[in-house]
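Chain by chain, the residues:
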Amino acid sequence: NAGVTQTPKFRVLKTGQSMTLLCAQDMNHEYMYWYRQDPGMGLRLIHYSVGEGTTAKGEVPDGYNVSRLKKQNFLLGLESAAPSQTSVYFCASSLGLAGFRSYEQYFGPGTRLTVT
Amino acid sequence: DAKTTQPPSMDCAEGRAANLPCNHSTISGNEYVYWYRQIHSQGPQYIIHGLKNNETNEMASLIITEDRKSSTLILPHATLRDTAVYYCIVRVASGTGTASKLTFGTGTRLQVTL
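Residues numbered from 1 in each chain as written. Chains lettered and ligands numbered in written order. Predicted model: local features only at pLDDT ≥ 70, side-chain atom pairs only at ≥ 80, totals over all residues. Heavy atoms only, no water.

**Some words on the overall build of chain A**
For step 1, the next point in the chain: Secondary structure summary: chain A contains 0 helices and 11 strands in total.
For step 2, the next point in the chain: In sequence order, chain A lays out its α and β elements as β-β-β-β-β-β-β-β-β-β-β.
For step 3, the next point in the chain: By the compact-globule yardstick of 13 Å for 116 residues, chain A fits well, its C-alpha radius of gyration being 13 Å.
For step 4, the next point in the chain: Overall, chain A is about 40 × 30 × 25 Å in size when its C-alpha atoms are taken along their principal axes.
For step 5, the next point in the chain: Looking at the 116 residues of chain A, the share that counts as buried comes to 47%. (Helix = DSSP H or I, 4+ residues; strand = E, 2+ residues; numbered from the N terminus. Rg over C-alpha atoms; globule rule 2.2 N^0.38 Å. Buried < 20%, exposed > 50% of the residue type's maximum accessible area, 1.4 Å probe, protein only.)

As structure tokens, then:
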């Protein structure tokens, strides 16, 4: 049981390049999330998904797209990277039940992205 | 969501109990208390949650006062690997299909020393 895994762990992009971050979970969780964390700041939700085939915007969605074609995978795409997207990106998952269990989130190890 | 207040930092000797306080004086009756931690350069880790009863799991114990205005996370035998930032979060249980966004404040930086 690997929990939540993220690939890649590190990446350096030039402005304007595109890339996709992959998140995978093997806990059969319904909900998945993408957060970003900037130095000295807390987590900010980018996009989330409440089930296979569904996605929704979080608080900072601009510049990102997501897809959830399979229940276990949640992809985050940057179509045209900008220096402001330099950050650590965390994926998380949780049970899809209503109520308190939805805040019991399990996080991946993070992807450190630098855009030059 | 209720605001939480935590001390910015604490020290604890290895092997001793670490008691991390959290004040949430404006908590409402349907809000849960969650604790997470983030070890340097790692993803946040869920620790425990509670509503009004004390809770214990393999990682920690959560003590919530009777008036629910404050709580204490207890690591019974702290080790060097427990050095991390600990976050206390108060949230209403979400409805089906809604985003359960976690918002971390500044937390308490726990330093466990030899």
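**Quick word on the sheet that holds strand 1 (residues 9-13) of chain B**
All names here are of chain B.
For step 1, the next point in the chain: With respect to topology, 5 strands assemble into an open sheet ordered 1-9-8-3-4, the strand pairing being mixed. The outermost strands of the open sheet, each flanked by one partner alone, are strand 1 and strand 4 (45-50). Ignoring strand direction, the axes of neighbouring strands in this sheet form an average angle of 25 degrees.
For step 2, the next point in the chain: Bridge count for strand 1 against strand 9 (residues 108-113) is 5 bridges, and the pairing is parallel. Looking across to strand 9, one finds that Met10 is bridged to Leu110. (Pairing = 2+ DSSP bridges. Axes fitted to C-alpha atoms, helices over the stretch in contact; angles between N-to-C directions.)

**Quick notes on the packing of aromatic side chains**
Residues and elements named next belong to chain A.
For step 1, the next point in the chain: Throughout the structure, instances matching the rule amount to 8 aromatic pairs over all chains.
For step 2, the next point in the chain: Taking the centre distance of 6.4 Å and the plane angle of 75 degrees together, the rings of Tyr31 and Tyr33 count as edge-to-face. Like Tyr33, Tyr31 is buried.
For step 3, the next point in the chain: A ring pair is formed by Tyr35 and Phe107, whose centres lie 5.5 Å apart and whose planes are at 35 degrees; its orientation type is tilted. With a gap of 72 residues between them, Tyr35 in strand 4 (residues 31-37) and Phe107 in strand 10 (residues 106-107) connect regions that are remote in the sequence. Both residues of the pair, Tyr35 and Phe107, count as buried. (Phe/Tyr/Trp six-rings, centres within 6.5 Å; stacked < 30°, edge-to-face > 60°.)

**Let's talk about the state of the cysteines**
Here a disulfide denotes one covalent bond, and it connects the sulfur atoms of two cysteines.
For step 1, the next point in the chain: Summed over the entire model, instances satisfying the criterion amount to 2 disulfides over all chains.
For step 2, the next point in the chain: In this model, A:Cys23 is linked to A:Cys91 through a disulfide, with the two sulfur atoms separated by 1.8 Å. Taking the torsion about the S-S bond as the criterion, the A:Cys23 to A:Cys91 disulfide, at about -75 degrees, is left-handed. You can see A:Cys23 sitting in strand 3 (residues 19-25) and its partner A:Cys91 sitting in strand 9 (residues 87-94), a full 68 residues away along the chain.
For step 3, the next point in the chain: Note on cysteine connectivity: B:Cys22 is disulfide-linked to B:Cys88, with sulfurs 2.1 Å apart. Taking the sign of the S-S torsion, -80 degrees for the link of B:Cys22 and B:Cys88, the bridge is left-handed. A residue pair is termed long-range when its members are at least 10 positions apart, and B:Cys22 in strand 2 (residues 18-23) and B:Cys88 in strand 8 (residues 84-92) qualify at 66 residues.
For step 4, the next point in the chain: Summary of cysteine pairing: B:Cys12 is not part of a disulfide, and the nearest cysteine sulfur, belonging to B:Cys22, is at 18 Å. (Disulfide = S-S within 2.5 Å.)

**Examining the nonpolar core**
For step 1, the next point in the chain: By size, the foremost hydrophobic cluster in this structure holds 22 residues, and its most contacted members are B:Leu20, B:Trp35, B:Leu73, B:Leu75, B:Tyr86 and B:Leu110.
For step 2, the next point in the chain: Sequence-distant contacts of B:Leu20, defined by excluding residues within four places in its chain, comprise B:Met10, B:Trp35, B:Ser71, B:Thr72, B:Leu73, B:Leu75, B:Tyr86, B:Thr108 and B:Leu110.
For step 3, the next point in the chain: Counting residues in hydrophobic clusters, the runner-up holds 20 residues, among them A:Tyr35, A:Val88, B:Tyr32 and B:Tyr46. (Core = buried A, V, L, I, M, F, W, Y, C linked by side-chain atoms within 4.5 Å. Contact = heavy atoms within 4.5 Å.)

**Regarding the pattern of salt bridges**
Residue and element names in this part refer to chain A.
For step 1, the next point in the chain: Under the criterion given, the structure shown has 4 salt bridges over all chains.
For step 2, the next point in the chain: Between Arg36 and Asp38 there is a salt bridge; the shortest N-O distance is 3.0 Å.
For step 3, the next point in the chain: Connected through shared salt-bridge partners, Arg36, Asp38 and Arg44 make up one network. (Salt bridge = Lys/Arg side-chain N within 4 Å of Asp/Glu carboxyl O.)

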